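Given next are the chains, with one letter for each unit.
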Amino acid sequence: MNRFNHKTILVTGGSSGIGRAAARAFAAEGARVVITGRDAAALEQAVAGIGNGAIAFRNDAGDIGSAKKLAADLNARDIRLDAVFVNAGSAKFSAFADTSEAFWDELFNTNVKGAYFQLQALLPQLNDGASIVINGSINARIGMPNTSVYAASKAALISLAKTLSAELLPRGIRVNVVSPGPVATPLYDKLGLDKAALDATAAQIQSQIPLGRFGTSDEIAATVLHLSSPESGFIVGTEIVADGGMSQL
């Protein structure tokens, strides 16, 4: 299929995991892809794997100045966007009793403030009829211990998709959310656990998934592409949960 021929797509946090899988999938269907991330080396490697004229910009997802600079850089190259996948974010966990103000601010700055002001800065670069997909999480819908701040930040994004959809409809811009369940990505390697603890954690999580396995980045990317394409034109301000049944059954 070539659903995205002659389209330009921005994927924030596109150098690894779900973001990188989505960027590859968009490019495979004809899109010119722009990715962002903090690590220059990872961005360079990702661009080489995406192909089809992909380009990358360094960007700090939680910094408003960085958000404005990205929009300015796109404008300087006369790049207008047909879809945006707001994927950049942080997943860190803390027990309620141990959570500090700094921890709260870090997650909300990256996951909520970053997404909000990045989209605001990008408004002039969005073509009418563009699609915005935000990466949520099933943690916004289940009571998992030690995730109170992370879950709240993702719940805020689900609400944001609804309000922005209503506000941007006059331009035909749709905003939706994909909320993954447990997905096998490098994110799990960043939890600060040794291999034994990581394996035990993974096994415990997997036991709660009705399908009996973790999802893959490619499976989430497929949903992102669906929400970004004209075939989902009647889906507005909603959330698609892709979690192997974890929050549903």
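Structure's up top.
Computed from a predicted model, the values in this text were never measured in an experiment. (Residues numbered from 1 in each chain as written. Predicted model: local features only at pLDDT ≥ 70, side-chain atom pairs only at ≥ 80, totals over all residues. Heavy atoms only, no water.)

Draft legend 1. A look at the nonpolar core. Leu-74, Leu-81, Val-84, Ile-132 and Ile-134 are the most contacted members of the largest nonpolar core, which totals 28 residues. In terms of residues, this core owes the most to one element, helix H5 (residues 148–168), which gives 6 residues. Here Leu-81 is in contact with Thr-8, Ile-9, Leu-10, Leu-74, Leu-122, Gln-125, Leu-126, Asn-127 and Ala-130, once residues within four sequence places are set aside. In this structure, Ala-31, Phe-85, Val-183 and Leu-227 belong to the second largest nonpolar core, which totals 26 residues. (Core = buried A, V, L, I, M, F, W, Y, C linked by side-chain atoms within 4.5 Å. Buried < 20%, exposed > 50% of the residue type's maximum accessible area, 1.4 Å probe, protein only. Helix = DSSP H or I, 4+ residues; strand = E, 2+ residues; numbered from the N terminus. Contact = heavy atoms within 4.5 Å.)

Draft legend 2. How the structure looks around empty space enclosed by the protein. Scanning the entire structure with this criterion turns up 2 cavities of 30 Å³ or more. Taken as a whole, the largest cavity holds about 70 Å³ of empty space. Lining the largest cavity we find Thr-12, Asn-59, Ala-61, Val-86, Ala-88, Gly-114, Ala-115 and Gln-118. Of all the elements, helix H4 (residues 101–122) adds the most residues to the lining of the largest cavity, at 3 residues. The wall of the second largest cavity is formed by Val-86, Asn-87, Ala-88, Gly-89, Asn-111, Ile-134, Asn-135, Lys-154 and Leu-157. Broken down by secondary-structure element, the contributors of at least two residues to the lining of the second largest cavity are strand E5 (126–135) and H5. The residue makeup of the lining of the second largest cavity, split by class, is 4 nonpolar, 4 polar and 1 charged. (1 Å grid on protein atoms, 1.4 Å probe; cavity = no way out; pocket = protein on both sides within 12 Å on 5 of 7 lines; lining within 4 Å. Points joined across faces, edges and corners; volume = space filled by probe spheres on them. Nonpolar A, V, L, I, M, F, W, Y, C, P; charged D, E, K, R; others polar.)

Draft legend 3. Fine view of the sheet that holds strand E3 (residues 55–58). The strand order E3-E2-E1-E4-E5-E6-E7 describes an open sheet built from 7 strands, whose pairing is parallel. In this open sheet, the two strands that pair with only one neighbour each are E3 and strand E7 (239–242). Geometrically, the sheet is characterised by an average inter-axis angle of 20 degrees between neighbouring strands, direction not taken into account. Note that strand E1 (residues 8–11) and strand E2 (residues 32–37) share 4 bridges and pair parallel. Residue Leu-10 lies in a different strand from E2, and its bridge partner there is Val-34. Sitting on the sheet, helix H3 (residues 64–76) touches E1, E2, E3 and strand E4 (81–86), and the angle it makes with E3 is about 145 degrees. Against the sheet, H4 touches E1, E4 and E5, its axis set at about 170 degrees to E4. (Pairing = 2+ DSSP bridges. Axes fitted to C-alpha atoms, helices over the stretch in contact; angles between N-to-C directions.)

Draft legend 4. The arrangement of the side chain of Asp-243 in detail. By secondary structure assignment, the location of Asp-243 is in the segment after E7. One buried charged side chain, Asp-243, makes no salt bridge at all; its nearest oppositely charged neighbour is Arg-141, positioned 8.5 Å away. Polar side-chain contacts of Asp-243 include one of 2.5 Å to the side chain of Ser-247. Not counting residues within four places of it along the chain, the set of residues in contact with Asp-243 comprises Ile-138, Gly-181, Ile-209 and Gln-248. (Lys, Arg positive; Asp, Glu negative; His and termini not counted. Salt bridge = Lys/Arg side-chain N within 4 Å of Asp/Glu carboxyl O. Polar contact = N/O pair within 3.5 Å; in protein donor to acceptor, adjacent residues only side chain to side chain.)

Draft legend 5. Geometry of the side chain of Ser-131. Considering the arrangement of structural elements, one finds Ser-131 in strand E5. From its side chain, Ser-131 meets the backbone oxygen of Leu-227 in a polar contact 2.9 Å long. Once you skip the residues sitting within four places of it in the chain, Ser-131 turns out to touch Asp-82, Ala-83, Val-84, Arg-174, Leu-227 and Ser-228.

Draft legend 6. The arrangement of the packing of H4 against H5 in detail. Relative to each other, H4 and H5 sit at 15 degrees, their axes nearing to 9 Å. Of the possible angle classes, the one that applies to H4 and H5 is roughly parallel. Note that H4 runs across H5; the crossing there is right-handed. Between H4, through Phe-103, Trp-104, Leu-107, Phe-108, Asn-111, Val-112, Ala-115, Tyr-116 and Leu-119, and H5, the contact on the second element is made entirely by Val-149, Tyr-150, Ala-152, Ser-153, Lys-154, Ala-156, Leu-157, Leu-160 and Leu-164. Each residue belonging to the contact of H4 with H5 can be placed in one class, and the counts come to 15 nonpolar, 2 polar and 1 charged. (Parallel < 35°, antiparallel > 145°, perpendicular 65-115°, else oblique. Left-handed = near helix turned anticlockwise from the far one by under 90°.)

Draft legend 7. Structural detail: the pairing of E2. The element E2 is extensively covered by neighbouring structure, given that 5 of its 6 residues are classed as buried. Note that the unit made of E1, helix H1 (residues 17–28) and E2 has a crossover that is right-handed. As judged from the 4 bridges shared by E2 and E3, these two strands associate in the parallel manner. Considered in E3, the bridge of Gly-37 is made with Arg-58. In this region the chain leaves E2, passes through helix H2 (residues 40–50) and returns to the parallel neighbour E3; the handedness of that crossover is right-handed. (Right-handed = clockwise from strand over helix to strand, strands pointing away.)

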